[in-house]
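Next come the chains, spelled out residue by residue.
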Amino acid sequence: MVFLEKVKRVRTDDMATKHRLFDKVIIITGASSGIGRASAVRLAQSGAKLVLAARSIDKLEVLAAGFPFPDKVLCVETDVSVEADCKNLVEQAIARFGGIDILVNNAGLSMRAMFKNVELKVLHRLMDVNYWGTVYCTKYALPYLLQSKGSVVGVISIAGFNGLPARSGYASSKYAIRGFLDTLRIEHLHDGLHVMVFSPGFTASNVRIAALTADGTPQGRTPRDESKMMSAEQVARRLESGLVRRRACIVLTPAGRIIVKLSRVFPRISDRLTYNFMAKEPDSPFKKQ
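To keep things clear, this report deals only with the structure shown in the data block.

## Quick word on the layout of surface pockets
Step number 1: Space inside the second largest pocket adds up to approximately 200 Å³.
Step number 2: Contributing to the lining of the second largest pocket are R20, L21, K24, D101, I102, S148, K149, G150, S151, L243, V244 and R246.
Step number 3: Of all the elements in the fold, those that place two or more residues in the lining of the second largest pocket are α1 (2-21) and α7 (232-245).
Step number 4: Of the residues belonging to the lining of the second largest pocket, the class tally is 4 nonpolar, 3 polar and 5 charged.

## Quick look at the packing of aromatic side chains
Step number 1: Enumeration over the complete set of coordinates arrives at 3 aromatic pairs.
Step number 2: Ring geometry for Y131 against W132: centres 5.2 Å apart, planes inclined by 70 degrees, an arrangement best described as edge-to-face.
Step number 3: The rings of Y131, W132, Y136 and F180 are connected pair by pair, giving a single aromatic cluster.
Step number 4: Looking at K72, its charged tip hangs above the ring of F22, at a distance of 3.8 Å from the centre.
Step number 5: Stacked on the ring of F69, the Lys or Arg K72 has its end atom at 4.9 Å from the ring centre.

## Notes on empty space enclosed by the protein
Step number 1: Counted by the stated rule, this structure contains 1 cavity of 30 Å³ or more.
Step number 2: Empty space within the largest cavity amounts to approximately 30 Å³.
Step number 3: In this structure, the largest cavity is lined by A44, A48, L50, F67, F69, K72 and V73.
Step number 4: Tallied by class, the residues present in the lining of the largest cavity amount to 6 nonpolar, no polar and 1 charged.

## Re the pattern of salt bridges
Step number 1: Under the definition given, this model contains 4 salt bridges.
Step number 2: The partner of R42 in a salt bridge is E240, and the shortest N-O contact between them spans 2.5 Å. One end of the pair, R42, is in helix α2 (residues 34-45); the other, E240, is in helix α7, and 198 residues separate them in sequence.
Step number 3: The exposure class assigned to E240 is buried, which follows from its relative accessible area of 3%.
Step number 4: In this structure, K121 engages E119 in a salt bridge whose closest nitrogen and oxygen atoms are separated by 3.5 Å.
Step number 5: By relative accessible area, E119 is classed as partly exposed at 37%.

## Observations regarding the pairing of strand β5 (residues 151-155)
Step number 1: Among the 5 residues in β5, 5 count as buried, and that is most of the element.
Step number 2: Two elements, strand β4 (residues 102-105) and β5, share 4 bridges in a ladder whose sense is parallel. Looking at the pairing, I102 lines up with S151 of β5.
Step number 3: One crossover worth recording links β4 to the parallel β5 by way of helix α5 (residues 120-148), and it is right-handed.

## Some thoughts on the nonpolar core
Step number 1: With 52 residues, the main nonpolar core has V51, M111 and V152 as its most contacted residues.
Step number 2: A total of 11 residues in this core trace back to one element, the largest contributor, which is α5.
Step number 3: Ranked by size, the runner-up nonpolar core spans 30 residues in total, among them A31, I102, L243 and V244.

## Things to note about the pairing of strand β2 (residues 49-54)
Step number 1: The buried fraction of β2 amounts to 5 of the 6 residues, a majority that puts the element mostly inside the structure.
Step number 2: Two strands pair when backbone bridges link them, and strand β1 (residues 25-29) and β2 are joined in this way by 5 bridges, in the parallel orientation. Along β2, the bridge assignment pairs I26 with L50.
Step number 3: With 5 bridges joining them, β2 and strand β3 (residues 73-77) adopt parallel strand pairing. Of the residues in β3, the one forming a bridge with L50 is V73.
Step number 4: Regarding topology, helix α3 (residues 57-65) serves as the crossover connection from β2 to the parallel β3, and that connection is right-handed.

Rules and cut-offs
All residue numbers refer to positions counted from 1 along the written sequence of the respective chain. A pLDDT threshold of at least 70 governs which residues receive local features in this predicted model, and a stricter bar of 80 or more applies before side-chain atom pairs are shown or counted, although totals over entire chains, interfaces and linings include all residues. Each side-chain value is worked out from all heavy atoms of the structure, with water and hydrogens disregarded. Whether a set of points on the 1 Å grid over the protein atoms alone is a cavity depends on a 1.4 Å probe fitting there but being unable to get out, while an open set qualifies as a pocket with protein on both sides within 12 Å along at least five of seven lines; lining residues are those with an atom within 4 Å of a point. Grid points are joined across faces, edges and corners, and a volume is the space filled by probe spheres set on the points. Secondary structure follows DSSP: runs of H or I at least 4 residues long count as helices, runs of E at least 2 residues long count as strands, and numbering of each begins at the N terminus. Three categories are distinguished: nonpolar for Ala, Val, Leu, Ile, Met, Phe, Trp, Tyr, Cys and Pro, charged for Asp, Glu, Lys and Arg, and polar for the others, with Gly belonging to the last. Centre distance within 6.5 Å is the pairing criterion for rings of Phe, Tyr and Trp, where only the six-membered ring of Trp is used; planes under 30 degrees apart are then read as stacked, over 60 as edge-to-face, and the remainder as tilted. Criterion for a charge above a ring: Arg CZ or Lys NZ at most 6 Å from the ring centre, at most 35 degrees from the ring normal. Only one rule defines a salt bridge in this text: a Lys or Arg side-chain nitrogen within 4 Å of an Asp or Glu carboxyl oxygen. Buried, partly exposed and exposed residues are distinguished by accessible area as a fraction of the type maximum, computed with a 1.4 Å probe on protein chains only: under 20%, between the cut-offs, and over 50%, respectively. Pairing between two strands requires that DSSP report at least two bridges joining them. Note on handedness: a crossover is taken as right-handed if, strands pointing away from the viewer, the path from the first strand over the helix to the second is clockwise. Take the buried residues of types Ala, Val, Leu, Ile, Met, Phe, Trp, Tyr and Cys, join any two whose side-chain atoms come within 4.5 Å, and each joined set is a nonpolar core.

What follows is the structure, encoded as structure tokens:
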């Protein structure tokens, strides 16, 4: 009976969530794969009006064709590292739907190389996509989000709270996003704007395949067992829940929450644990001392 009650409660919560997001205009960047794609699928089922952004317009169109409400989807070819593209994305959303309720800054790029070996162009690229992409999209969407008392989300990572070795550009870009969004939240504390920092742990996606190496070329494969990670669909469900509940910060997985707390209270212990964990990666760019 207890189990059945829990199932009933979960189903009721899901129905309430879908109802609250129905007809909301939601922009999702990086929607062609991974967390962005899974979030688009889930939010489409809620009846939201979706504006999907990515560089691969063909992938977006294939994805949108399978949605239950195809008339509620707009696909916009967007490179978030280009300011004009981000401005166009927002303008197209307004032209089609007349407003914006939620902006999910999900587009992102990773890397895997020691800082002493990496070419600086790699760090520039990480900041252009991860940080500036978030800033550009938020800047142009903000007037409409303030009108709707809507939500702006930044999908970061545990690396946005705790540095990861061999990911200096990635971690610094995620720290920057967190600082930007935390500041934005305080600036609009009394304007009804909801700002959420959303931090998944390791998630099964293509982000590690596309991760840049020291010279800027994609590594082309993942060094981790993706089957043991949280799925993009699980992450999307938590993102949807956070939007409905207007959470300020979500850190997924128990291990992630422990690391975040340790980094604040016992930073040296956190450093050692992080080092030892990351050193176990196959073909790690650094070796455990």
